[in-house]
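Understanding the architecture of this molecule
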Amino acid sequence: MPAISPYPGLEPWMWRSLLARAAVFHATRTRLSQFCDHIDKGGAVELVLRHLELQAREWATCDVDDDTAVTRVVEAWVAQLTETLGLRQLDPTARQLIEDMRDLLHCVHSHDPFRRIFTGITAHASALYGDSWRTPTLGVAHIRRHPRGDSTRSDPYVVTAMTPWPPDIAEAVVELYIHHDDLYIHHDDFGPAAFAALPILLTHECVCHVPARQDRASNESTFAEGLLDWVAYVFHEQWAGKLDVELAPAARRHAEVLRTVLSRRTDTAEGRARRIGHEAAETLRSWFEVSCGHGPHESKLAVAQLGVQLNQVDRSLADKDHFVSLLGWPLPPALEEVLYGWDEGRAPASAVLDLVVDRELVGHAGRTA
Amino acid sequence: MTVERVLAAAAVLREFGLAEISAFCDEQPPRIVEILDSVATAVKPCGAERWRVVDLEAVRREARRRTVVDVLSRPSPEEGPGARLQLAEETLKACRGEPSPDRRRVMVASAMNHLRQVLAATLPGRLPWWTVELGTDLLVDELRRHPDPVHAVRLQLNVAVARLAEGNVTGNPMPADELIETVARFRDEPLLEDSRLHGLVGGLVDLATAQESPPVEPVDRLLVAIARRRARAQVDRDHGAALHALEPLLRTLGAGHAHPYIHDLFQTLGRLPDGRDHAIVYADLLKVVPAQLQWFPTGDLLPGALVEVVAEPAVSLHLRQCARTLESDLVHSPFGSDTALIGQVAHVFQELAEEHAGLDDTVVSRTDETRSELLRLAKAPIWPPAAVPDRHPQEGRR
């Protein structure tokens, strides 16, 4: 049976090729971090990854069903791993890793790995947002260039995601994009690092964009792409273990590496917005600790909760970005006053936006206090 | 740590269902219920799988009891003000294309907040950032002392642009004398040609020419729109020259209320003893004059748009005819925006060129250049004129 893609944006052979590798990465997820480390070093482990890509490509266009294709790819790869283990000049840690991965390949299945991760995340995110939640549909498609224009060697995260705007009142679409290089037929660089980064990418979409109530979307928003991205990381940290305890260490690690990759890109407006938004969130967190006397964990969750609530307030993104612009240390007295009110349950989150965009207070949040 | 996390989540949520608190912590639901049961005097059930915190302090105490006390610290300082300063600049730049006056106002306020934070980190004394006043000589003096001279100019330009933007959106434009003085301060700055200052110089020119309310008559609107856009476009070629050309433009624009515009694209001021005419004319019309006819520029009435010329009577006749064609088209213009108005003029220019092509075969090529330039100017984003004072435009009312 020829491959049939469940995603209109993915050609059947592309789907089959991704499925085979994702199935292998899922089966070996407890060793993904070490796998990535060894790939960076090159040598035998990098070669076995290339062999996996080759086999996935080989079986992508074969006239068999998905289960059979995945099984054949795994069989071929197990044979390759066994052959590699026969090498005399093999680093002991690489040998151990390859042996471990070969053992883990006994339980590979061909369930859609993208949907599995997405479904787990949406279950948690919908609990955060309650009635404001939009039911999201996952789409997977390919893009013709690396999300950040980098080489896979320096930035192996060849995946990105977006939520097209505006969404429907009750529904949204989350599009996962995987870079596919047109120079090479049937080839892409979807590797273990990209697989491990899927949970944070999809968490970002579900926390920051799916339930958002605002007038527009902007990649340069310090609120939507900065402060809320920080909030998404807080929730990813909470959810990773519950989503998949075996994938959690690699998911957490690659979420952090991806954060570093994205935050150091202050040469782009998007990178600057992310960085300023993250700094604003940290400033607010410190304020909850210092001024309200909350513990460090409660303070972190308080920022997350305020972010979630502000995301549900139907106001312009400019208003929400303005709130972020006020979060410079120390906080202006007028803003402190309204934040105390919110913390003590006397004021809703919308009051924070009411205050900061009030005509008398725009740009002068401190002076009127 | 697990108990601390669950109780911290309870303290933040105050009243919650099991799914909600589960999303706020890393523990599985059965364990969460167990932990909540262990603090039953402080967290009471209030429905099926639902709880309410009744003693917040007790929950916090219990959460902290299990936590190693953290040393509280201020957030780690930024590596430098670069990203925030750039964000402030980009936010102000983005205001040009923002159609909603309310949103533009909020965006300017956000940019000023970011700028104040950068300045507070730069100035001595570590002032609270929101107390940094942008309109003081003291600030200018302090910024001049910055060890990096290009950065010093950049910060001063940022302050000037932010103040102009604030005046623009609040309807309180900078007084004309102060505006001229501000431009003069940067005009002879030797570091101004640094490419990093390009956007800021553009913003300064753009906002400086947006201080006055736009004229009502279509002809005057066209002239001011073209003059403003040409001044802005000159920044792309030469920062210093753009600022030098700005002062006379500002003086003319500022005098607009005292001396209303001429409402004509061509007007004869008088006849010279040698029989030639002294006239003022919309500058682009001179491109339609056949090459064999003589005229000489004698001054700029509105730099970039209106020039004074001395011309043979045949030139005057030709210019008058072309001007009337344009004016009659503009009078019936259905377009409200300056962009559309300029586009309309570019279209009429094509008709004029075709009409006069028989007189001189260079007219078409010269007019084509003008048309292309006008279309480029029409598309360039530019700050809208200053808001009307004490009026708060509503969304979508434009």
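Since this is a predicted model, take the numbers as computed values, not measurements.

So, about helix 7 (residues 192-209) of chain A. Residues and elements named next belong to chain A. Relative to the 26 Å expected for 18 residues at 1.5 Å per residue, helix 7 spans 26 Å between its end C-alpha atoms, a close match to the ideal helical length. At Leu198, helix 7 is bent by approximately 35 degrees, the largest bend along its length, and proline Pro199 sits one to four residues beyond. Taken across its 18 residues, helix 7 has 18 buried, putting it largely inside the fold.

Another aspect to go through is the sheet that holds strand 3 (residues 50-53) of chain B. Residue and element names in this part refer to chain B. Taken in spatial order, the three strands line up as 1-3-2 in an open sheet, and their pairing is antiparallel. Looking at which strands have only one partner, the edges of the open sheet turn out to be strand 1 (15-17) and strand 2 (43-45). Strand-to-strand twist in this sheet, taken as the mean axis angle between neighbours without regard to direction, amounts to 25 degrees. Bridging between strand 1 and strand 3 involves three bridges; their strand directions are antiparallel. Following the sheet pairing, Glu15 is matched in strand 3 by Arg52.

A separate point is the environment of B:Thr339. All names here are of chain B. Relative to the elements of secondary structure, Thr339 occurs in helix 14 (residues 338-356). Its 18 C-beta neighbours within 10 Å are what place Thr339 among the partly exposed residues. Along the sequence, Thr339 and Pro149 sit 190 residues apart, while their C-alpha atoms lie 38 Å from each other.

In terms of nonpolar packing, the biggest core is built from 229 residues, with A:Ala197 and A:Val231 touching the most fellow members. When residues of this core are assigned to their parent elements, the largest contribution, 13 residues, is made by helix 8 (residues 223-243) of chain A.

The next point concerns the domain arrangement of chain B. For an interface, size is often stated in terms of accessible area lost upon the parts coming together. Domains assigned within chain B are domain 1 (2-65), domain 2 (82-208) and domain 3 (217-387). Put simply, the middle of domain 1 of chain B and the middle of domain 2 of chain B, counted by C-alpha atoms, are 48 Å apart.

The strands making up a sheet are joined through hydrogen bonds of the backbone, oriented either antiparallel or parallel. Residue and element names in this part refer to chain A. The three strands are arranged 1-3-2 in an open sheet whose pairing can be described as mixed. Strands at the two margins of the open sheet, each flanked by one partner only, are strand 1 (135-143) and strand 2 (159-162). Averaged over all neighbouring strand pairs, the angle between strand axes comes to 20 degrees, with direction disregarded. Looking at chain direction, strand 1 and strand 3 (residues 171-179) are connected through nine bridges and run parallel. In the strand pairing of strand 3, Gly139 is matched with Glu175. Across the face of the sheet, helix 6 (residues 113-129) comes into contact with strand 1 and strand 3 while running at roughly 145 degrees to strand 1.

Attention shifts here to the environment of A:Gly345. Within the secondary structure layout, A:Gly345 lies in the loop between helix 13 (333-343) and helix 14 (349-356). For the pair A:Gly345 and A:Leu262, spaced 83 residues apart in sequence, the C-alpha separation works out to 35 Å.

A few words on the interface of chain B and chain A. With 45 residues of chain B at the interface, the matching set in chain A holds 45 residues. Considering each element in turn, the side of chain B that touches chain A owes the most residues, ten residues, to helix 6 (residues 101-122) of chain B. Its residues assigned to classes, the side of chain B that touches chain A comprises 20 nonpolar, eleven polar and 14 charged.

Quick notes on the rules
- Residues numbered from 1 in each chain as written.
- Chains lettered and ligands numbered in written order.
- Predicted model: local features only at pLDDT ≥ 70, side-chain atom pairs only at ≥ 80, totals over all residues.
- Helix = DSSP H or I, 4+ residues; strand = E, 2+ residues; numbered from the N terminus.
- Expected span 1.5 Å × (residues − 1).
- Bend = angle between axes of the 7 residues up to and from the residue.
- Buried ≥ 20, exposed ≤ 12 C-beta atoms within 10 Å, placed from the backbone.
- Pairing = 2+ DSSP bridges.
- Axes fitted to C-alpha atoms, helices over the stretch in contact; angles between N-to-C directions.
- Core = buried A, V, L, I, M, F, W, Y, C linked by C-beta atoms within 7 Å.
- Domains from an automatic or database assignment.
- Contact = placed C-beta atoms within 7 Å.
- Nonpolar A, V, L, I, M, F, W, Y, C, P; charged D, E, K, R; others polar.

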